[in-house]
Amino acid sequence: MLKTLRKICQVGVVSEAAPPPDELLRARAALDERIRSVLGRALCIRHVDAGSCNGCELEIQALNNPYYNLEGLGIRFVASPRHADLLLVTGPVAANMEAALRLVYAATPDPKLVVTLGDCGCTGGIFGERGATRGRVSNIIPVDVAVPGCPPSPARIIQGILTAIAGAGRAPA
Amino acid sequence: MPLAKWWDRARELPGAPRTRGLGLTAEDWSRCAADVAASGGRLLAMWASECGDCDNGATIHAAFLADRGVLVIELSVSGARAPAAEPFDYPGIESLFPCASRMQRAIFDVSRVRSSDPDRRPWLRHPPEGPELVRVAGEGVHEIAVGPVHAGTIEPGHFRFSVVGEKVLRLEERFGYTHKGVERRFTELPLLEGHRLAARIAGDSAVAYSWAYCQALEGMAGCAIAPRAAALRAILLELERIANHLGDVGALANDAGFAFGLAQFSRIKEELLRALSHAFGQRYLLDAVVPGGTRGDVSAAAAESLAARIIAIGKEAAELRAIYEEHSGVRDRFAGAGILTPALASRLGVLGLAGRASGQALDTRIDFPSAPYDKLPPARILRQEGDVAARVAVRFDELAESCRLVESLLGSLPSGAHLGPIRVPADGSFATGLIEGWRGPVFVALEAGPEGRTRRCHAHDPSWQNWPAIEHAILGNIVADFPLINKSFNLAYSGVDL
């Protein structure tokens, strides 16, 4: 126990300030101001892997490490879409995940936001839009913010999430 | 030695070390497989390709890992997709190699070629009515269905539990949810671009996959890799191993209720990823290995800084390991959970990290080394207990070894080029690649088409062999321990869904 406590004290707090939103990532008009002010204080995210290679998942997992500390911004991941405000979707929508993705979207109560991240989620990436992949997530469900990258860095992902709940026309700091 | 008769007839194949290939008739196919099994060999991969001269037929390939080398056998079946006169197209090898079952089902899904083995349920194709899974009857038995969407931020897959009370009576896995048609996609890309797709089959194993692909490509093109390039590739591979092991040991502590472990290891992993970004331009090394060598070089200053970071990581990992081992709550959860006995691991053909925690010593960096591992082999790490604690211990041991290898390689980087020229291989060339990714050996079989196109690429993840083992390791454990046991294997979904 002592070693554990000593390590915690030694390492201290390493959390960094969050990056500002980036309006360039916005794909759809922003939500109503009142809704945004609530979601901006306590946002619940449900992640859906719609066929990703797992690279984007690793960077999403990093969001909860002490450096990015997403929970410190009032943002947390939930196990059920019924508890979610925002869906974070990765992958070029494999045909075998289309039904599950639609079900998750339908199960998420309004008002809801969708952020897609990674080149696959934005354009189909190297897998394209053909055969076994439906391609960009917006082919299946409406998308509010699209964050490119392969994979996008955690800082970029946070920007994407913050952009979704930020006001339209508010320029990045 | 029964295997000698096949080995001596086989021709040498370029690419992966000590690999030979042999075309066989159907009877010889079965006999050869039986001889491999009798001599303790393992099934490495199985796949089908179109057969140019068998009239709408197909060629079935199987790669085996035997002591003397990798043996790739092939069997051509003609008119396989014509209406069936025969009940099957090729002899199945499931009774010799249980892990062949899903591979044969996947072959059927992709090329409609049927094995003689009875399980013909679709694997990669998902019929609209849902999967056909084995139902368990009995007093008090109920089913828990989990997935494809899981509670955490992980890949999709379906797990059907049959439970009595809290204990698991049976588990059946169902995958294919991330099937992206990778094998078809390879044929749409030029041979010299395929490494980018290979790296994105399982993003956490990008270096292993892209190196295995490049090894096959360079083998068939007759392109030698400069010593500096080989050393850099090994550094990248070991850094990938370190990154994954750091993530896993943190997540496993969290699954056992010790969030401190996740907080510390996720911090350390982040520090490593930032160091990788600084040294190689990417946090995850998806584009670092390219045909002919590595995309970028490492300056002396970057090498020194990276080495310092790795030394610091090694020290912290050892310190935290001691804390884990003294923590009674963690020990209680890890010890005895999810046991995969060595006997069962051997029978199932379990490979890689999970194998090494259950008495299966194979490590292709030691046993089938590609440069520079032939001159700098890692220590052999082996445990017999086969529980979660053993898989954690193997990760810690491998992490320490990988830190040692990276330090050593960075400190003795050969001078010279990091990238050499590569020419387009001739139509019909065939080669393989074999690289020990962090989960286990990644195998790539590559066939060149005309004018630099790709006729066929099969990229094989060791998770094909290991996923069935979890259906056994979970038996008798409580359902609530499934996340811990599953995470202790941490197998690829996208890697096997292709």
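Fair warning: this is a prediction, and the values are worked out from it, not measured in the lab.

Overview of the overall build of chain A
- When you go through chain A residue by residue, the secondary structure sums to 6 helices and 5 strands.
- In sequence order, the secondary structure elements of chain A are arranged as α-α-β-α-β-β-α-β-α-β-α.
- Since a compact globule built from 173 residues should have a radius of gyration of about 16 Å, the 17 Å found for chain A is in line with a globular shape.
- Split into buried and exposed, the 173 residues of chain A put 50% on the buried side.

A closer look at the sheet that holds strand S13 (residues 454–460) of chain B
Residues and elements named next belong to chain B.
- Across the sheet, 3 strands lie side by side as S11-S12-S13; this open sheet has antiparallel pairing. With partners counted over all chains shown, the strands left at the sheet margins are strand S11 (430–436) and S13, one partner each. Taking the axes of each pair of neighbouring strands and ignoring which way they run, one obtains an average angle of 10 degrees across the sheet.

Some remarks on the interface of chain B and chain A
- The interface is formed by 34 residues belonging to chain B together with 39 residues belonging to chain A.
- Among the elements of the structure, helix H4 (182–188), helix H5 (194–199) and helix H8 (259–280) of chain B are those that each provide at least two residues to the side of chain B that touches chain A.
- If you tally residues by element for the side of chain B that touches chain A, the top one is H8(B), at 6 residues.

Comments concerning the domain arrangement of chain B
All names here are of chain B.
- Along its sequence, chain B is organised into domain 1 (2–111) and domain 2 (190–497).
- Computed from C-alpha atoms alone, the centre-to-centre distance between domain 1 and domain 2 is 27 Å.
- Of the residues lining the interface, 22 residues belong to domain 1; the matching set on domain 2 comes to 26 residues.
- Contributing elements (two or more residues each) for the side of domain 1 that touches domain 2: strand S3 (42–50), strand S4 (58–66), strand S5 (69–77) and helix H3 (100–111).
- Broken down by element, the residue count for the side of domain 1 that touches domain 2 peaks at 6 residues, all from S3.

Quick notes on the packing of helix H6 (residues 206–221) of chain B against helix H7 (residues 227–255) of chain B
Residues and elements named next belong to chain B.
- Between H6 and H7, the shortest axis-to-axis distance is 8 Å and the interhelical angle comes to 145 degrees. In contact with Val 207, Ala 208 and Trp 211 of H6, H7 contributes Arg 233, Leu 236, Leu 237 and Glu 240.
- Taken together, the residues of the contact of H6 with H7 sort by class into 5 nonpolar, no polar and 2 charged.

Examining unusual backbone geometry
- Here Asp110(A) and Pro111(A) are connected by a cis peptide whose omega angle stands at -5 degrees.
- On the secondary structure map, Pro111(A) appears in the loop between helix H4 (95–107) and strand S4 (113–117).
- In this structure, the amide linkage connecting Gly147(B) to the following residue, Pro148(B), adopts the cis form with an omega of 15 degrees.
- One can find Pro148(B) in the loop between strand S6 (141–146) and strand S7 (158–164).
- Even without glycine at this site, Arg112(B) takes up a positive phi of about 60 degrees.
- Structurally, the position occupied by Arg112(B) is in the loop between H3 and S6.
- With a phi angle near 45 degrees, Asn490(B) is a residue other than glycine that sits in the positive phi range.
- Here Asn490(B) is to be found in the loop between helix H16 (482–489) and helix H17 (494–497).

Quick notes on the pairing of strand S8 (residues 167–174) of chain B
Residues and elements named next belong to chain B.
- Sheet topology places S7 next to S8; 7 bridges connect them, and they run antiparallel. Bridge pairing links Val 164 to Lys 167 in S8.
- Between S7 and S8, which pair antiparallel one after the other, the connecting turn spans 2 residues, and Gly 165 there sits at a positive phi close to 65 degrees.

Some words on the nonpolar core
All names here are of chain B.
- Residues Tyr 209, Ala 212 and Val 444 are the most contacted members of the largest nonpolar core, which totals 212 residues.
- With 16 residues, the single largest contributor to this core is H7.
- Formed jointly, this core draws a minimum of three residues from each of two domains, domain 1 (2–111) and domain 2 (190–497).
- Tyr 209 has contacts with Ala 198, Ala 199, Ile 201, Ala 202, Val 442 and Ala 459, leaving out every residue within four places of it along the chain.

Some points on H6(B)
Residues and elements named next belong to chain B.
- The end-to-end C-alpha distance of H6 is 22 Å, a good match for the 22 Å that 16 residues give at a rise of 1.5 Å each.
- Across the 16 residues that make up H6, a large majority, 16, are buried.
- Downstream of H6 by one or two residues, Gly 222 has phi in the positive range, about 65 degrees.

Thresholds applied
- Residues numbered from 1 in each chain as written.
- Chains lettered and ligands numbered in written order.
- Predicted model: local features only at pLDDT ≥ 70, side-chain atom pairs only at ≥ 80, totals over all residues.
- Helix = DSSP H or I, 4+ residues; strand = E, 2+ residues; numbered from the N terminus.
- Rg over C-alpha atoms; globule rule 2.2 N^0.38 Å.
- Buried ≥ 20, exposed ≤ 12 C-beta atoms within 10 Å, placed from the backbone.
- Pairing = 2+ DSSP bridges.
- Axes fitted to C-alpha atoms, helices over the stretch in contact; angles between N-to-C directions.
- Contact = placed C-beta atoms within 7 Å.
- Domains from an automatic or database assignment.
- Nonpolar A, V, L, I, M, F, W, Y, C, P; charged D, E, K, R; others polar.
- Core = buried A, V, L, I, M, F, W, Y, C linked by C-beta atoms within 7 Å.
- Expected span 1.5 Å × (residues − 1).

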